[in-house]
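Chains, contacts and geometry: an overview
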Amino acid sequence: MYDYAAGKQDWLAAGLPSEGTLAGLPRAGDVARKDVPTCRLDERMGEVKERVRSGGWEVCVVVNQENVVMGLLRSKELGSDDDAQVEHAMRPGPSTFRPHVPIHEMAEYMSRHDLPRSPVTTSNGRLVGILLRDDAERVTHELHQAMHEHHEGTSDA
């Protein structure tokens with residue numbers, strides 16, 4: 001028998017606060033959009049489509065009662081028959097990322113793998129939000145700009 005004791009990575013993966021020199025840098029969980037629409041497996045696509053599109057989204061995260069990510073509905077899946085159940089239309093088991101991953105790493109990964117978006121979850125699969133590649137790249141660019149400006153300001157002193 002093995003008695004698992006949670007460690008630092010579990011703490012960070014849960015999106016809990018951290019300390020140290022890198023604690024202030026943006027991470028996936030900080031940038032992920034919390035207002036992403038969600039739906040349940042037993043909902044009908046017609047209801048979901050209306051809710052998603054009225055919110056200006058092109059994606060819906062399928063979650064269970066505990067808010068654990070079960071799948072994704074993207075534009076293609078949102079085009080399914082209105083009477084179909086979400087469970088039959090969704091893309092099951094999407095790749096997810098943890099909230100503690102530095103945003104610059106996420107931007108690089110998403111760009112390299114052509115991922116327009118990805119769910120961010122805790123280590124037990126609960127939805128934190130959805131990270132859009134455009135947001136990850138924008139925040140990374142702003143971070144680089146701020147670091148460059150800070151460096152120029154300190155080299156003049």
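Going by the structure above, here's the rest.
Rules used in this analysis
Residues numbered from 1 in each chain as written. Predicted model: local features only at pLDDT ≥ 70, side-chain atom pairs only at ≥ 80, totals over all residues. Heavy atoms only, no water. Buried < 20%, exposed > 50% of the residue type's maximum accessible area, 1.4 Å probe, protein only. Helix = DSSP H or I, 4+ residues; strand = E, 2+ residues; numbered from the N terminus. Arc of directions from axis to C-beta. Salt bridge = Lys/Arg side-chain N within 4 Å of Asp/Glu carboxyl O. Pairing = 2+ DSSP bridges. 1 Å grid on protein atoms, 1.4 Å probe; cavity = no way out; pocket = protein on both sides within 12 Å on 5 of 7 lines; lining within 4 Å. Points joined across faces, edges and corners; volume = space filled by probe spheres on them. Nonpolar A, V, L, I, M, F, W, Y, C, P; charged D, E, K, R; others polar. Core = buried A, V, L, I, M, F, W, Y, C linked by side-chain atoms within 4.5 Å. Contact = heavy atoms within 4.5 Å.

As a further point, take helix α6 (residues 103–112). Along α6, the positions that sit buried rather than exposed are I103, M106, A107 and M110. Relative to the axis of α6, the buried residues are bounded by an arc of 100° and lie together on one face. Positive phi appears at D114, one or two residues downstream of α6, with a value of about 50°.

Turning to the pattern of salt bridges, a few remarks are in order. This model, assessed by the stated rule, comprises nine salt bridges. Here R51 makes a salt bridge to E43, at a shortest N to O gap of 3.1 Å. Owing to a relative accessible area of 15%, E43 belongs among the buried residues under this scheme. Ionic contacts of the salt-bridge type, sharing partners, join the residues R33, D135, R138 and E142 into one network.

This brings us to the sheet that holds strand β4 (residues 91–92). The four strands are arranged β1-β2-β3-β4 in an open sheet whose pairing can be described as mixed. Strands at the two margins of the open sheet, each flanked by one partner only, are β1 (38–39) and β4. Bridge count for β1 against strand β2 (residues 60–63) is two bridges, and the pairing is parallel. Note that in β2 the partner of C39 across the bridge is V62.

This part takes up the layout of surface pockets. Gaps left between atoms show up when a probe the size of a water molecule is rolled over them. Counted as a void, the largest pocket has a volume near 250 Å³. If you go around the largest pocket, the residues you meet are L72, R74, R91, P92, P94, S95, F97, L115, P116, R117, S118 and P119. Every element with two or more residues in the lining of the largest pocket is listed here: β4 and β5 (117–121). Here the lining of the largest pocket is composed, by residue class, of seven nonpolar, two polar and three charged.

We now examine the nonpolar core. If you look at the biggest cluster of nonpolar residues, it comprises 21 residues, and the most contacted ones within it are V48, V61, L73, V86 and I130. Take this core: its biggest share by element is four residues, from β2. With residues near it in sequence (within four places) discarded, V86 still touches C39, R40, L41, E43, M45, V48, V62 and L73. Ranked by size, the runner-up nonpolar core spans 13 residues in total, among them V31, A107, V120 and A136.

Here E50 is to be found in helix α3 (residues 45–54). With relative accessibility at 60%, the residue E50 sits in the exposed group. Taking the C-alpha atoms as reference, E50 lies 9.9 Å from D82; in sequence the two are 32 residues apart.

Here we take up the pairing of strand β3 (residues 69–73). For β3, the buried fraction is high: four of the five residues fall into the buried class. Relative to β3, β2 runs antiparallel, the two being bridged by four bridges. Along β3, the bridge assignment pairs V62 with G71. In sequence, β2 turns back onto β3 through a hairpin of five residues, with N67 there showing a positive phi of about 70°. Where β3 lies against β4, two bridges are found, and the strand directions are antiparallel. Along β4, the bridge assignment pairs L72 with R91.

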